[in-house]
Amino acid sequence: MRASDIPGDFDHVLYTEEQVASRIREVAAQIDADYAGREILMVGVLNGAVMTMADLCRAMTSHMSMDWMAVSSYGAGTKSSGVVRILKDLTKDIDGRDILIVEDIIDTGLTLSYLVQNLRSRNPNSIEIMAMFRKPEAVTCPLDVKYVGFDIPNEFVVGYGLDYADKYRNLTDVATLAPHVYAS
Ligand code: 5GP
Ligand code: MG
Ligand code: MG
C-alpha cells in the first residue's frame, strides 16, 4: 500500500516507492563493483530488512547467498540498550566468507555494533554493512557503515519494512506517522 491509501495515518512522506527503488539500484551497482568476482553472503536482520534485502539482492548481478538473523534489544523503552539477544541465529557457517549485513535503519548503532562483534568472532573473511536508512545520532557510533541508502532526520519513520507496533511494514513509501496513531 501507499501512504495515500490511508492518508489519515501519516504526517509526511520522506521517500516515495520510486525514490527508494532508484536509490536501491545505485547502491546495488556500487556493491557489484566493490565485490567483483567474489561471492557475497548477505545477512539480513529480521524483520525490518526484509524489503531492503528483497529489492537489493535482485538489483545486484554479483553471486550471492542469503541468511537471516533475528535480534532483540534487552531493556524497556524505545532506545536500544546495546545489549542484544539473538532470537534466531544464522543457519550457515561464515568462516572465510564475505559478509554483507543488511539492516533497515541505524539509530544509535548499538544493535549493529553488537552484531558485528558477534559475527567477527566467527572468523569471516570480511564484514561490511548496508543500512537503508541512517539517523544523525549514528555519527557518534564508531561503526563503519559502507553502504547507506538515505541519511534521514531524527524522526520515527515507518514503511518499506519498518514498523510501528508491527504495523506499516507493507507501506511502499517511507513516512512519519500522524500523532493520533501514537495516541491510539
Ligand atoms: P539502534 O541500535 O541503531 O539504536 O537501533 C536500530 C533499531 O531500532 C532498528 O533496527 C529499528 O528496529 C529500530 N528503529 C530505530 N529508528 C527507527 C525508526 O525511525 N522507525 C522504526 N520503525 N524503527 C526504528
Ligand atoms: Mg533492524
Ligand atoms: Mg521495530
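One can find the structure itself at the top, above this paragraph.
Residues numbered from 1 in each chain as written. Chains lettered and ligands numbered in written order. Predicted model: local features only at pLDDT ≥ 70, side-chain atom pairs only at ≥ 80, totals over all residues. Heavy atoms only, no water.

### Description of the coordination of the magnesium ion (ligand 2)
Turning to step 1, where the next piece is worked out: Only Glu103 (OE) and Asp104 (OD) from the protein coordinate the magnesium ion (ligand 2), and they sit 2.3 to 2.4 Å from it.
Turning to step 2, where the next piece is worked out: By relative accessible area, which is 6% here, Glu103 ends up buried. (Donors = N, O, S within 2.8 Å, 3.2 Å for Na, K, Ca; no water. Buried < 20%, exposed > 50% of the residue type's maximum accessible area, 1.4 Å probe, protein only.)

### Remarks on unusual backbone geometry
Negative phi characterises most residues that are not glycine, and trans characterises most peptide bonds.
Turning to step 1, where the next piece is worked out: A cis geometry characterises the amide bond from Leu46 onward to Asn47, with omega recorded as -5°.
Turning to step 2, where the next piece is worked out: Relative to the elements of secondary structure, Asn47 occurs in the loop between strand 2 (40–46) and helix 2 (50–59).
Turning to step 3, where the next piece is worked out: Of note in the backbone geometry, Asn123 takes a positive phi value of approximately 65° without being a glycine.
Turning to step 4, where the next piece is worked out: The topology assignment puts Asn123 in the loop between helix 3 (110–120) and strand 6 (126–134).
Turning to step 5, where the next piece is worked out: A positive phi angle is found at Tyr160, which is not glycine, with a value near 50°.
Turning to step 6, where the next piece is worked out: Looking at where Tyr160 falls in the secondary structure, it is placed in the loop between strand 8 (157–158) and strand 9 (174–177).
Turning to step 7, where the next piece is worked out: Classification of Tyr160 as buried rests on a relative accessible area of 7%. (Helix = DSSP H or I, 4+ residues; strand = E, 2+ residues; numbered from the N terminus.)

### Let's talk about the pattern of salt bridges
Turning to step 1, where the next piece is worked out: The final tally for this structure, using the stated rule, is 11 salt bridges.
Turning to step 2, where the next piece is worked out: The salt bridge involving Lys146 is made with Asp34; its shortest N-O contact spans 4.0 Å. Residue Lys146 is located in the loop between strand 6 and strand 7 (147–151), and its partner Asp34 is located in helix 1 (residues 17–34); the two are separated by 112 residues in the primary sequence.
Turning to step 3, where the next piece is worked out: We classify Asp34 as partly exposed; its relative accessible area is 35%.
Turning to step 4, where the next piece is worked out: The closest approach of N and O atoms between Arg58 and Asp55, which form a salt bridge, is 2.9 Å. Of this pair, Arg58 and Asp55 both sit in helix 2, three residues apart, roughly one helical turn.
Turning to step 5, where the next piece is worked out: Classification of Arg58 as exposed rests on a relative accessible area of 64%.
Turning to step 6, where the next piece is worked out: Taken together, the shared-partner salt bridges in this structure form one network comprising Arg2, Glu17 and Glu18. (Salt bridge = Lys/Arg side-chain N within 4 Å of Asp/Glu carboxyl O.)

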